[in-house]
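The residues making up each chain are set out below.
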Amino acid sequence: MQLPVSLQTLVNVVREASDLMITDHFDIASKGGYSNIVTTSDLAVQKFLYEKLSAILPESGFYCEEEDLMIKDREYTWVIDPIDGTANYSRGIPNCAISVALVKDNEALLGVVYSPAAGELFTAEKGKGAYFNGKRITVSERPFANSLFCTTFSLYRRQYADFCIKYIKEVYSRCNDFRRFGVASLEICYVAMGRCDLYFEYRLSPWDYAGASLVLLEAGGCLRGESGDTLTYDKDSMVFAANNEENMEILLDIFHKVKSEC
């Protein structure tokens, strides 16, 4: 399939945008409490990406986290999180990333997740594999019992925290250990490259997982919604990720077991 934009062109734009993150001078504003914030760096990165990608692919749509930037009903749509992990970024914690996907007909065609502080670049083009800093990556072969599980406690929807805690406890009792890095896109990419093996979050927006989803799928991993369905890029969703189908089924089985008990 001939794409209207090359993966290398997108990587170049994302790298340019990341320069706007390298500053100690940014302002922070709340989007509804301490747990949901935006920095002037988020806004600057998003504005840069919007302007550059609009010029490269005119008439493309946008589905972005900040400032309600949503231009829909276009053949191609850019799904963008200018800084995934803003809370980390605002405190000087290096775990944060720019995430961009090019989507057509609810299918991701290009995906880039770049963590400038770590110098880690995850890329994928549909049908052409997934890469970490230019080297091909694949998911691990670890069984559930030896898996690292990335997750969180539903930060923006704390009414689900009790359920998440019960679910995490049940998964933890059967896997190796769990981690919380606070950056969904990177955590899904960590599953793609075999650093971690399982992932769950109660609710994510498409910009949180779009870029990473293609990286994971092209690395041989699995990505599902609550009912085991394929994720789309036009609405919020529960997200499960795993290194293989067997471990995905265990994640889903535990979820439905805990849900039936709540």
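Presented here is a report on the structure given in the accompanying data block. (Residues numbered from 1 in each chain as written. Predicted model: local features only at pLDDT ≥ 70, side-chain atom pairs only at ≥ 80, totals over all residues. Heavy atoms only, no water.)

A few points about the nonpolar core
Right, on to step 1. Counting residues in hydrophobic clusters, the biggest one holds 40 residues, and the most contacted among them are Phe122, Ile137, Tyr199, Val215, Leu216 and Val239.
Right, on to step 2. Element by element, the count of residues in this core is highest for helix H5 (residues 184-193), at 8 residues.
Right, on to step 3. Once residues within four sequence positions are removed from consideration, Phe122 is found in contact with Gly111, Val112, Val113, Tyr131, Phe132, Ile137, Leu186, Cys189, Tyr190, Met193 and Val215.
Right, on to step 4. Counting residues in hydrophobic clusters, the runner-up holds 31 residues, among them Val11, Val14, Phe62 and Val100. (Core = buried A, V, L, I, M, F, W, Y, C linked by side-chain atoms within 4.5 Å. Buried < 20%, exposed > 50% of the residue type's maximum accessible area, 1.4 Å probe, protein only. Helix = DSSP H or I, 4+ residues; strand = E, 2+ residues; numbered from the N terminus. Contact = heavy atoms within 4.5 Å.)

Digging into the layout of surface pockets
Right, on to step 1. Its volume calculated, the second largest pocket comes out at about 250 Å³.
Right, on to step 2. Around the second largest pocket, the lining comprises 15 residues; the ones closest to its centre are Asp73, Thr77, Val103, Tyr233 and Asp234.
Right, on to step 3. Among the elements of the structure, strand E3 (61-64), strand E5 (77-84) and strand E6 (97-104) are those that each provide at least two residues to the lining of the second largest pocket.
Right, on to step 4. Residues belonging to the lining of the second largest pocket are distributed by class as follows: 6 nonpolar, 2 polar and 7 charged. (1 Å grid on protein atoms, 1.4 Å probe; cavity = no way out; pocket = protein on both sides within 12 Å on 5 of 7 lines; lining within 4 Å. Points joined across faces, edges and corners; volume = space filled by probe spheres on them. Nonpolar A, V, L, I, M, F, W, Y, C, P; charged D, E, K, R; others polar.)

Quick look at a nonpolar patch on the surface
Right, on to step 1. There is a patch of nonpolar side chains on the surface, built from Phe153, Ile165, Tyr172 and Phe178 and spanning about 360 Å² of accessible area.
Right, on to step 2. In this structure, Phe153 sits in the loop between strand E11 (148-151) and helix H4 (161-172). (Patch = residues over 30% accessible without salt bridge, like charges linked within 9 Å, V, L, I, M, F, W, Y side chains within 5 Å. Areas by Shrake-Rupley, 256 points an atom, 1.4 Å probe, with all protein chains shown as cover. Salt bridge = Lys/Arg side-chain N within 4 Å of Asp/Glu carboxyl O.)

What about the pairing of strand E13 (residues 198-204)?
Right, on to step 1. Burial analysis of E13 places 6 of its 7 residues in the buried class, which makes it a mostly covered element.
Right, on to step 2. The pairing of E11 with E13 spans 3 bridges and is classified as parallel. Its bridge partner being in E13, Cys150 is matched across the sheet by Tyr199.
Right, on to step 3. In the sheet, E13 pairs with strand E15 (residues 237-242) via 5 bridges, with the strands oriented antiparallel. Following the sheet pairing, Leu198 is matched in E15 by Ala242. (Pairing = 2+ DSSP bridges.)

Section: the sheet that holds E15
Right, on to step 1. Read across the sheet, 5 strands follow the order E12-E11-E13-E15-E14 without closing on themselves; strand pairing throughout is mixed. Where the open sheet ends on each side, the last strands, each with one partner, are strand E12 (177-179) and strand E14 (222-224). Averaged over all adjacent pairs, the angle separating strand axes in this sheet is 20°, with direction ignored.
Right, on to step 2. Sitting on the sheet, helix H7 (residues 245-261) touches E11, E13, E14 and E15, and the angle it makes with E15 is about 140°. (Axes fitted to C-alpha atoms, helices over the stretch in contact; angles between N-to-C directions.)

Notes on the sheet that holds strand E7 (residues 107-115)
Right, on to step 1. Here 8 strands make up an open sheet; going across it, the order is E4-E3-E5-E6-E7-E8-E9-E10 and the pairing mixed. Of all strands in the sheet, those with a lone pairing partner are strand E4 (70-71) and strand E10 (135-137), marking the two edges.
Right, on to step 2. Note that E3 and E5 share 4 bridges and pair parallel. Looking at the pairing, Tyr63 lines up with Val79 of E5.
Right, on to step 3. Against the sheet, helix H1 (residues 7-18) touches E5, E6, E7 and strand E8 (120-125), its axis set at about 35° to E7.
Right, on to step 4. Seen against the sheet, helix H2 (residues 40-56) touches E3, E4, E5 and E6 and runs at an angle of roughly 155° to E5.

What about the environment of Lys257?
Right, on to step 1. With respect to the secondary-structure elements, Lys257 resides in helix H7.
Right, on to step 2. The sequence separation of Lys257 and Glu170 amounts to 87 residues, and the corresponding C-alpha distance is 9.6 Å.

So, the pattern of salt bridges
Right, on to step 1. By the definition in use, this model includes 14 salt bridges.
Right, on to step 2. Between Glu120 and Arg195 there is a salt bridge, and its shortest N-O distance comes to 2.7 Å. Taken together, the residues Glu120 in strand E8 and Arg195 in the loop between H5 and E13 connect sequence positions 75 residues apart.
Right, on to step 3. Judged by its relative accessible area of 34%, Arg195 falls in the partly exposed class.
Right, on to step 4. Between Lys257 and Glu261 there is a salt bridge, with the nearest N and O atoms lying 3.2 Å from each other. On the criterion of helical spacing, the pair formed by Lys257 and Glu261 is a turn pair, its members being 4 residues apart in helix H7.

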